[in-house]
Amino acid sequence: MSDGLPHISTNQDEANALVTVERGDGSRINIFIDPNCPDYNSNFLRLEGVQTSLLHSLTDHDSDLKSVKGQDRALLVNLAEEVAKLSAHAGQLKMDYESLRRGQGSLGQDLNTLQTEQGRLIQLLSDSQINMVKVVNSVSDALNAMQKENVGLKARVKADLQRAPVRGARLKGCSNGSRPRDCGDLYASGQREDGIYSVFPVHHPAGFQVIQRREDGSVNFFRGWDSYREGFGKITGEHWLGLKQIHALSIQGNYELRIDLEDFENSTAYAQYGTFGVGLFSVDPDDDGYPLTVGDYSGNAGDSLLKHNGMKFTTKDRDNDHSENNCASFYHGAWWYRNCHTSNLNGQYLRGQHTSYADGIEWSSWTGWQYSLKFSEMKIRPTRDPENK
Ligand SMILES: [Ca+2]
């Protein structure tokens, strides 16, 4: 550098100055591009400053230029061109940078929008989660309340049914105090109110209410559910009182059942059950099939009913039995069939011995399954002293 001219050098190493201009007096101007600097505008300013100062230093040496020889002059001219190019390049870089910044700005805006949207979604999700929890809780509360109510209701109904005896409460009788044989007697006595009345049919005046009678085959007993629920026949002759009525009677207290039978040789036998009722524990007895409660056998006909204890009533049009068939259809009756029966008092009136199997008025422990009885009567009454049972 003894000729006093500025010397320009470039560095490959990025850690150092990109361009170094060394003046004749030995002072240096370094041009840096700092990759870590976040504000490139200051870099551009610096670059512009450097350019200016470079031009100044070139101008300062202008007087010297005149005395400089051709080769060195060409170098200086070349330097000026390079600086101009650098300047143009810097301008381009600045524009690129601005455009990048704009892009970044719009990207930043998009990012902000996305973040806002995300926040809103998270809030929404959290809100709906809270709401869902509230809904689930309230549904669950409602279900619990219903279950409690249901349990309470069941317990209450059961308690009512079991408490029902109403000892001392009497079934209504004739208004003149006499013992009615049937509803006609009641009406004749002046009773006009709806209700459950005690009647004392001719066969057994000892407080029994007849619920079924067969005696001559004059009434068709092969009937459907509604008939057996409501009752049919004539109360002074062949009839079925009706499951509804039998239920209403038997839930009033402790009832016993007596069954009287007679064959065509005029032999008689009886079976007595100290416990009797239908639908005693049913909330809806009709829906429940009027299940039979029977126990405590005594008599001389043999027991043909205990095996039916707990069974629901089956008719030809309502199958509540344990058979894969309908026992009522199969044995032409209607009874608390299991699978199917040891008795069939509502079977066909077949008049004694018959070749068909178990489809007559059967009491198997007395006459087997192929003898249809001449007479059958089922009757119930409140037990006299249930405490001693
Ligand atoms: Ca069945």
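Throughout what follows, the structure given in this document is the object of discussion. (Residues numbered from 1 in each chain as written. Predicted model: local features only at pLDDT ≥ 70, side-chain atom pairs only at ≥ 80, totals over all residues. Heavy atoms only, no water.)

Turning our eyes to something else, we now look at a nonpolar patch on the surface. Nonpolar side chains collect at one region of the surface, where Met 132, Val 135, Val 136, Val 139, Leu 143 and Met 146 lie side by side and expose about 580 Å² of accessible area between them. The topology assignment puts Val 139 in helix α3 (residues 70–163). For Val 139, a relative accessible area of 45% puts it in the partly exposed group. (Patch = residues over 30% accessible without salt bridge, like charges linked within 9 Å, V, L, I, M, F, W, Y side chains within 5 Å. Areas by Shrake-Rupley, 256 points an atom, 1.4 Å probe, with all protein chains shown as cover. Salt bridge = Lys/Arg side-chain N within 4 Å of Asp/Glu carboxyl O. Helix = DSSP H or I, 4+ residues; strand = E, 2+ residues; numbered from the N terminus. Buried < 20%, exposed > 50% of the residue type's maximum accessible area, 1.4 Å probe, protein only.)

Right, let's talk about helix α6 (residues 243–250) for a bit. The element α6 is largely enclosed, with a buried count of six among its eight residues. Where α6 is concerned, the buried positions are Leu 243, Ile 246, His 247, Ala 248, Leu 249 and Ser 250.

Attention shifts here to the coordination of the calcium ion. Coordination of the calcium ion by the protein comes from Asp 319 (OD), Asp 319 (OD), Asp 321 (OD), Ser 323 (O) and Asn 325 (O), over a distance range of 2.1 to 2.5 Å. Read N to C, the donor residues that coordinate the calcium ion are spaced as D-x1-D-x1-S-x1-N. Given the relative accessible area of 36%, Asn 325 is considered partly exposed. (Donors = N, O, S within 2.8 Å, 3.2 Å for Na, K, Ca; no water.)

Turning to the nonpolar core, a few remarks are in order. Of all hydrophobic cores here, the largest spans 44 residues; its most connected members are Trp 240, Leu 257, Ile 259, Leu 305, Trp 336, Leu 345 and Trp 363. When contributions to this core are tallied by element, the ones reaching two or more residues are α5 (225–230), α6, β7 (255–262), β8 (268–278), β9 (292–299), α8 (327–330) and β14 (375–382). The element contributing the most residues to this core is β8, with five residues. Here Leu 257 is in contact with Ile 211, Ala 271, Gln 272, Tyr 273, Phe 276, Leu 305, Met 378, Lys 379 and Ile 380, once residues within four sequence places are set aside. (Core = buried A, V, L, I, M, F, W, Y, C linked by side-chain atoms within 4.5 Å. Contact = heavy atoms within 4.5 Å.)

Moving on, we come to the packing of aromatic side chains. Applying the stated criterion across every chain, the model contains 15 aromatic pairs. Judged by centre distance (6.4 Å) and plane angle (65 degrees), the rings of Trp 225 and Phe 313 are edge-to-face. Of this pair, Trp 225 sits in helix α5 while Phe 313 is found in the loop between β9 and α8, placing the two residues 88 residues apart along the sequence. Relative accessible area serves as the criterion here: at 0%, Phe 313 is assigned to the buried category. Taking the centre distance of 6.2 Å and the plane angle of 50 degrees together, the rings of Trp 240 and Trp 336 count as tilted. One end of the pair, Trp 240, is in strand β6 (residues 239–240); the other, Trp 336, is in the loop between α8 and β10 (343–344), and 96 residues separate them in sequence. The same class applies to Trp 240 and to Trp 336, which are both buried. Here the aromatic residues Phe 221, Trp 225, Tyr 228, Phe 232, Trp 240, Tyr 290, Phe 313, Trp 335 and Trp 336 are joined through ring pairs into a cluster of three or more. Directly above the ring of Tyr 270 sits Arg 258, whose terminal nitrogen or CZ lies 4.2 Å from the centroid. Here Lys 316 stacks its cationic end above the ring of Phe 222, 4.4 Å away from the centre of that ring. (Phe/Tyr/Trp six-rings, centres within 6.5 Å; stacked < 30°, edge-to-face > 60°. Lys NZ or Arg CZ within 6 Å of the ring centre and 35° of its normal.)

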